[in-house]
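Notes for the structure review
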Amino acid sequence: MKSSLTEGAARAQLPAALPEGNSDGTSNGKKDSKQDGKLSLFRLLLKDRFATVSALVLILIGLTALIGPALMGDLATKQNLLFANKAPFTFAHGWEYFLGSDSLGRSMLARLVVASRTTFSVALPAVAVALIVGSLWGVWAGYHRGWRENVSMRIADVIMSFPSLLLAVVVLYVFSPSSANIVLILALTRIPIYLRTARAESAELQSRTFVDAARTFGAKPNAIIVRHVIPVVLPTLLTLATLECCYVMLAESSLSFLGIGIQPPDVSWGLMVSQGRQYLQTAWWLSIFPGVAIVVTTIAANVLAAWLRIATDPAQRWRLALPRKRLIARIPAKETQP
Amino acid sequence: MLIYLRKRIASSALPLMVVIVGVFALARMTGNPASLYLPLNATQQMRDAFSARNGLDQPLPVQMADYFGGVLRLDFGQSLRTGQDAAAMALRAFPATLQLAATTMVLAILLALVVGCWAALKPNGIADRISSFVSMAAASIPDFWLAIVGIWVFAITLGWLPTSGVSGAGAWVLPIATLLLRPFGVLVQIVRGSMVSALSEPYIKLARSRGAGELRVVTHHALRNAAAPALTVAGDLTVGLVNGAVVVETIFGWPGIGKLMIDSILQRDFAVLQAAVLLTAVAIFALNILIDMGYALLDARVRPVTVKA
Amino acid sequence: MTSSSKLPFSAGLLRWPALASVAVLGLSGCSVANSDAGAASSSTVRVVLAQEPPTLEACESNLTSTGVVVRSNVTEPLIERNPQSGELEPKLATEWKATTDREWTLKLREGVKFQDGTPFNAEAAAFTIERAVNSKLGCNVEGYVFGDADLAVKAVNATTLTVTTPEPDPILPLRLSFLEVVPTSTSATEKVREPIGTGPYKIEKWDAGQKITLSSWDGYWGAKPAYAKAEYQWRSESSVRAAMITSGEADVAMGLSPDDNIGDLGVDYPNNETVALRLDANEAPLSDIRVRQAINFAIDKEGIVNSLYQGKHQVAAQLVPKGIVGHNDALKGWPFDLDKAKSLVAEAKADGVDTSAQISLVVRSAQFPKITELGQVLQEQLSQAGLNVKLKMLETSQHLTYQVRPFAKDEGAVALMTQHGNQAGDAAFTVDQYMLSTGAQSYFGTPEFDAMIKKADAASGDERKKDFEEIFAYQNDKVVQFAHISHQTGIIGKAKSVNYTPNSSSGDELRVSEMTPAS
């Protein structure tokens with residue numbers, strides 16, 4: 001009984017789930033968008049300026065993280081104590097100091113670039129691990145229901161009420177403060193989010209006719225989960241994962257603030273914000289630039305995720321297909337419809 | 001409902017035990033606190049005496065049995081750091097965090113409902129764009145950074161608010177504003193999303209066709225359905241606040257449970273850590289139960305499912 | 001339509017948040033919100049510390065966070081060390097002398113009362129020593145100042161006390177200056193969070209987590225202090241402490257960083273802390289003295305002091321700053337000579353030392369301002385000299401496993417960043433711990449060096465001074481366990497409304513009676 005109560009709760013974890021949950025055509029929707037193919041999705045993207053810009057920003061940041069560190073060489077670690085805290089936005093000291101220098105005279109630009117890789121190499125694996133473990137577990141628990149579901153939900157409760165700070169200290173103490181270990185902590189603490197969402201979706205799906213049909217034809221539970229449940233649940237979970245990237249970046253930065261996150265000489269955006277905070281009054285750029293990097297990345301990812309959510313949902317998709325002017329004109333018309 | 005409540009409470013006991021056992025074991029993996037509490041040049045005898053005095057020389061299962069024996073007698077042990085009763089310290093710190101978290105969430109929900117509905121009336125309109133941009137930005141700013149900038153701007157430059165502390169109503173503003181942003185940012189998007197889809201549902205069209213006013217449509221029909229997900233997400237965010245007020249409490253000198261927890265972790269003050277974790281875990285479990293019940297009350301749609309299960 | 005749709009609430013939906021708000025408001029009335037805003041008044045001085053004192057127990061007052069509130073405010077010692085001159089001065093004892101080589105006789109001040117009204121006498125002094133040094137209480141001051149030695153104490157009469165040490169101890173009076181005197185009514189079996197003392201202030205109220213208030217005590221034997229009350233709060237961010245001075249919420253702020261940028265409200269003072277790298281000679285490549293010398297040559301101390309600390313610190317050549325008995329004025333910091341460092345490393349390599357073995361540079365996060373930056377600078381500079389250095393930033397407890405015996409094992413070569421503060425004023429407190437081959441914070445020593453230290457410990461007067469000076473020179477020439485970096489300068493934030501001149505002991509013993517309102 002209890003499980004059905006949380007079901008709705010977990011589904012409501014994210015807005016993405018709602019259109020699909022409300023309109024019964026979730027599964028059909030996915031098929032439709034697949035038939036349309038990638039090209040039309042791309043055209044739709046170009047129609048939405050905000051989404052296009054977001055996509056470009058993300059691609060740019062992704063490329064930076066991928067190849068930037070190699071281009072920067074040792075610029076990010078080259079210190080010059082006589083050249084500390086130089087103000088940004090001037091080419092007087094060469095392009096590498098366009099964003100100023102940090103408290104040890106290192107190029108802010110180079111450090112931001114190198115930090116982007118660390119930031120993503122923490123955020124993406126943490127989200128990926130939590131997503132995979134949490135989703136599979138949740139789908140499995142939701143499909144089978146009964147004690148498996150109950151035990152899983154109680155485990156999620158346990159993880160959620162466990163202080164992640166303690167985990168961080170334990171990991172730092174027993175292992176070493178590497179980014180791999182930060183990934184471990186963040187992944188572990190975020191598993192319940194996916195677990196709860198996936199379980200709710202899957203619990204609802206397992207009672208649907210197409211799953212029933214598969215069952216009557218003698219398909220094994222695991223095969224049904226893989227073939228019928230996961231494909232339907234996946235878009236919701238992926239959208240959730242996009243939102244979670246932001247949370248994980250912030251969590252990593254909070255750990256740095258408390259002194260138990262990424263440790264120098266490694267550098268991440270979160271660590272840069274945290275280390276730069278003491279210079280807020282003397283050299284604001286040390287913490288503002290990495291902060292802006294986090295905010296821009298998050299907004300871009302969110303805008304794109306929101307767009308993708310609509311674009312893959314047949315009940316909403318017409319909004320994107322319409323030319324902008326007609327779209328705006330249409331809504332009031334709809335509202336005043338008697 | 002009462003049966004359900006009883007069942008939920010009963011089924012929470014074991015997970016709570018697991019939390020405590022986990023904290024107990026993990027905390028002891030972080031090393032013997034002797035070096036932290038003894039002078040740097042303490043001899044081995046002094047270290048041994050310290051361990052014996054605090055029962056740290058026993059094997060882990062024995063320590064744990066002792067601890068649970070104590071818990072049954074409501075004895076949660078003594079703080080290594082202050083020598084005070086651990087449970088008393090946790091209970092003293094908890095209301096401060098609870099007040100902060102509750103005020104923050106109430107404000108976040110109210111603000112998010114207004115902004116979210118406003119945005120949902122014209123999907124992709126100007127209001128929608130602005131509010132989603134603002135809410136996403138709000139949700140992605142590092143909180144400690146915001147807190148320090150807030151102090152700088154509002155306490156030092158403008159002089160409107162105190163920098164920190166707990167004295168006076170003004171002292172609440174910055175901590176709450178700092179804590180508020182993320183829940184607000186997330187909730188706006190939730191409310192907006194569910195309002196947009198609720199407003200395009202057939203029953204809304206039906207209500208409109210029956211001549212219901214727009215205000216009535218929004219508040220009575222759409223919002224009622226959109227509020228349920230907002231409530232549940234708000235619940236999850238509250239759990240995050242209770243656990244995560246550490247940063248804000250650290251910066252503003254707010255004497256709450258988050259600060260107590262991080263201090264006792266860093267100071268290896270095991271008894272206090274366990275008491276604080278137990279208290280927050282109980283609160284979180286209770287909150288989860290309340291959320292589920294609230295959800296069931298608010299959203300009539302899940303009731304048939306309830307019967308089925 | 002548009003205007004009305006902006007108020008999308010129904011009464012039913014408002015009910016929940018409204019109920020919650022009421023509950024919240026109800027709650028806020030009770031525990032946290034204190035309505036007194038601690039307004040600036042000339043009769044109260046408001047101090048903001050870096051952390052809440054764990055306890056105010058007198059026998060733990062050598063802990064910085066406890067001592068800064070208790071010492072010389074609530075409780076007083078028998079003998080007091082003048083932080084400026086380094087001389088011992090009478091406090092609750094008026095005179096003292098060595099009657100034999102192991103026995104000291106102290107004459108106590110008359111007419112002094114404890115804050116509970118009981119008289120201060122030899123019995124109380126004897127009780128204090130017994131309680132802190134000889135009992136099973138496990139007082140911090142016992143381990144820090146007295147070690148294993150038990151003292152024999154005897155109250156000869158009401159105003160005369162004799163103290164006998166197991167071994168001759170020429171600096172017993174200095175050690176006694178760490179003991180804060182408590183009345184015999186104090187528990188001898190439990191630590192006491194709020195002690196009673198003979199000081200000018202008594203503890204009025206401790207709002208755990210928020211504030212400690214001291215109020216001046218009318219029965220004090222000495223001059224009445226200028227401030228009627230002292231309020232202590234604590235904030236862990238130094239920028240917030242600085243902000244409280246700027247915004248007028250506090251009068252004195254401890255432990256600020258040069259980048260908190262509070263201009264002329266910041267007052268510099270020498271805080272007696274010295275930063276150095278401690279090198280573990282038990283592991284290659286640090287086992288070779290040339291590598292340890294190379295590290296000394298490779299560190300650009302001038303650059304660090306000038307750039308990171310805005311020229312406020314001094315380049316260090318030894319573990320104790322000027323003003324400590326035994327400080328060797330003739331020693332100069334190792335010159336910054338990267339070529340020399342490189343050639344020393346190359347020489348060691350040619351002789352078969354594995355100079356590519358990893359050296360862990362172990363640093364405690366947040367130990368002092370800009371320590372993270374310093375760690376990164378050192379890593380870079382040592383790498384320049386051709387060494388393989390890995391920076392390890394650790395939290396306090398973990399750092400301690402590297403800092404004190406028994407040292408963490410199987411860690412390879414360790415260069416540990418240590419911040420040493422000698423608050424006693426005598427080099428013995430430094431040398432015994434850091435340089436004896438069995439010292440709690442020493443990796444190694446030599447028999448010859450140990451003998452020099454033992455000799456200095458037992459010496460007194462000018463000879464003692466000379467012996468310790470030789471020890472510091474010898475460490476730099478022959479032992480090289482340390483690569484000294486700088487003697488630090490602390491910053492106290494001070495509002496214009498308060499007159500106070502910090503000194504080298506202000507961080508451990510902030511005497512409110514030395515503060516006066518500026519008007």
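Residues numbered from 1 in each chain as written. Chains lettered and ligands numbered in written order. Predicted model: local features only at pLDDT ≥ 70, side-chain atom pairs only at ≥ 80, totals over all residues. Heavy atoms only, no water.

What follows concerns the sheet that holds strand S6 (residues 152–157) of chain C. Residues and elements named next belong to chain C. Taking strand neighbours across the sheet as the criterion, the four strands line up as S4-S5-S7-S6 in an open arrangement whose pairing is antiparallel. The sheet is open, and its two borders are formed by strand S4 (93–98) and S6, each paired with just one other strand. The mean inter-strand angle of the sheet, taken between neighbouring strand axes irrespective of direction, is 20°. In this sheet, strand S7 (residues 160–164) lies alongside S6 in antiparallel orientation, the contact comprising five bridges. Bridging across to S7, Ala152 finds its partner in Thr164. Strand contacts of helix H3 (residues 122–134): strand S5 (103–108), S6 and S7, with the helix running at about 175° to S6, the strand carrying the most contacts. (Pairing = 2+ DSSP bridges. Helix = DSSP H or I, 4+ residues; strand = E, 2+ residues; numbered from the N terminus. Axes fitted to C-alpha atoms, helices over the stretch in contact; angles between N-to-C directions. Contact = heavy atoms within 4.5 Å.)

This paragraph deals with the interface of chain A and chain C. Opposite the 26 residues of chain A that make contact, chain C presents 25 residues. When the buried surface of chain A facing chain C is broken down by residue, Leu81, Tyr173 and Gln278 of chain A rank first, second and third, together holding 25% of it. At the boundary of chain A with chain C, the tally comes to one salt bridge. Among the ionic pairs, Glu237 of chain C bridges to Arg277 of chain A, the shortest N-O distance being 2.8 Å. Taken together, the connections running from chain A to chain C amount to seven residue pairs in polar contact (both at pLDDT 80 or more). The element that contributes the greatest number of residues to the side of chain A that touches chain C is helix H7 (residues 164–174) of chain A, accounting for three residues. Here the residues of the side of chain A that touches chain C sort into 12 nonpolar, nine polar and five charged. (Buried area = accessible area lost by both parts, 1.4 Å probe. Salt bridge = Lys/Arg side-chain N within 4 Å of Asp/Glu carboxyl O. Polar contact = N/O pair within 3.5 Å; in protein donor to acceptor, adjacent residues only side chain to side chain. Nonpolar A, V, L, I, M, F, W, Y, C, P; charged D, E, K, R; others polar.)

Moving on, we come to the environment of Gly111 of chain C. By secondary structure assignment, the location of Gly111 of chain C is in the loop between S5 and H3. It is 53 Å that separates the C-alpha atoms of Gly111 of chain C and Glu302 of chain C, two residues lying 191 residues apart in sequence.

Another aspect to go through is the confidence of the model for chain A. All names here are of chain A. Per-residue pLDDT for chain A has a mean of 76; in total, 80% of the residues score no lower than 70. At the level of individual helices and strands, chain A shows its lowest average pLDDT in helix H1 (residues 2–11), which scores 36, and its highest in helix H5 (residues 108–144), which scores 90. Contacts from residues 1–35, a stretch scored under 50 in pLDDT, to residues over four places away or in other chains number 91 contacts. Counting interchain partners and residues more than four positions distant, the pLDDT-below-50 stretch residues 324–338 has 23 contacts. (pLDDT = per-residue confidence, 0-100.)

The next subject is unusual backbone geometry. The omega angle of the peptide bond from Pro264 of chain A to Pro265 of chain A is 10°, so this bond is cis rather than trans. Note on placement: Pro265 of chain A falls in the loop between helix H10 (221–257) and helix H11 (269–276). Of the consecutive residues Ala284 of chain C and Pro285 of chain C, the connecting peptide bond is found in the cis state with omega at 0°. Although it is not a glycine, Asn261 of chain C adopts a positive phi angle of roughly 55°. Along the polypeptide, Asn261 of chain C turns up in the loop between strand S11 (252–253) and strand S12 (266–279). One non-glycine residue, Gln310 of chain C, lies in the positive phi region at around 50°. Within the fold, Gln310 of chain C resides in the loop between helix H8 (301–308) and strand S13 (314–315). Look at Gln310 of chain C and you get partly exposed, because its relative accessible area is 42%. (Buried < 20%, exposed > 50% of the residue type's maximum accessible area, 1.4 Å probe, protein only.)

With that out of the way, let us pick up the packing of aromatic side chains. Per the stated rule, a full pass over the model turns up 21 aromatic pairs over all chains. Centroid distance Phe89 of chain A to Phe98 of chain A: 5.9 Å. Interplanar angle 75°. Geometry classified as edge-to-face. Among the aromatic residues, those joined into a cluster by ring pairs are Phe89, Phe91, Phe98, Trp284, Trp285 and Phe289 of chain A. For Arg278 of chain C, the ring lying beneath its charged end belongs to Tyr443 of chain C, and the centroid distance is 4.1 Å. (Phe/Tyr/Trp six-rings, centres within 6.5 Å; stacked < 30°, edge-to-face > 60°. Lys NZ or Arg CZ within 6 Å of the ring centre and 35° of its normal.)

Another point: the side chain of Thr163 of chain B. By the secondary structure assignment, Thr163 of chain B is in the loop between helix H7 (143–157) and helix H8 (170–199). Judged by relative accessible area, Thr163 of chain B falls into the buried class, the value being 0%. Beyond its immediate stretch of four places on either side in the chain, Thr163 of chain B contacts Ile151, Ala155, Leu174 and Phe252 of chain B together with Ala243, Met244, Ser247 and Glu249 of chain C.

A few words now on the state of the cysteines. If you walk through the whole model with that rule in mind, you get one disulfide over all chains. The partner cysteine of Cys59 of chain C in its disulfide is Cys139 of chain C, sulfur to sulfur 2.0 Å. Here Cys59 of chain C and Cys139 of chain C share a disulfide; its torsion about the S-S bond, -75°, makes the bridge left-handed. Here Cys59 of chain C, found in the loop between strand S1 (44–49) and helix H2 (64–70), pairs with Cys139 of chain C, found in the loop between H3 and helix H4 (140–146); they are 80 residues apart in sequence, far enough to count as distant. Unpaired in this structure, Cys245 of chain A has its nearest cysteine sulfur neighbour in Cys246 of chain A, at a distance of 8.7 Å. (Disulfide = S-S within 2.5 Å.)

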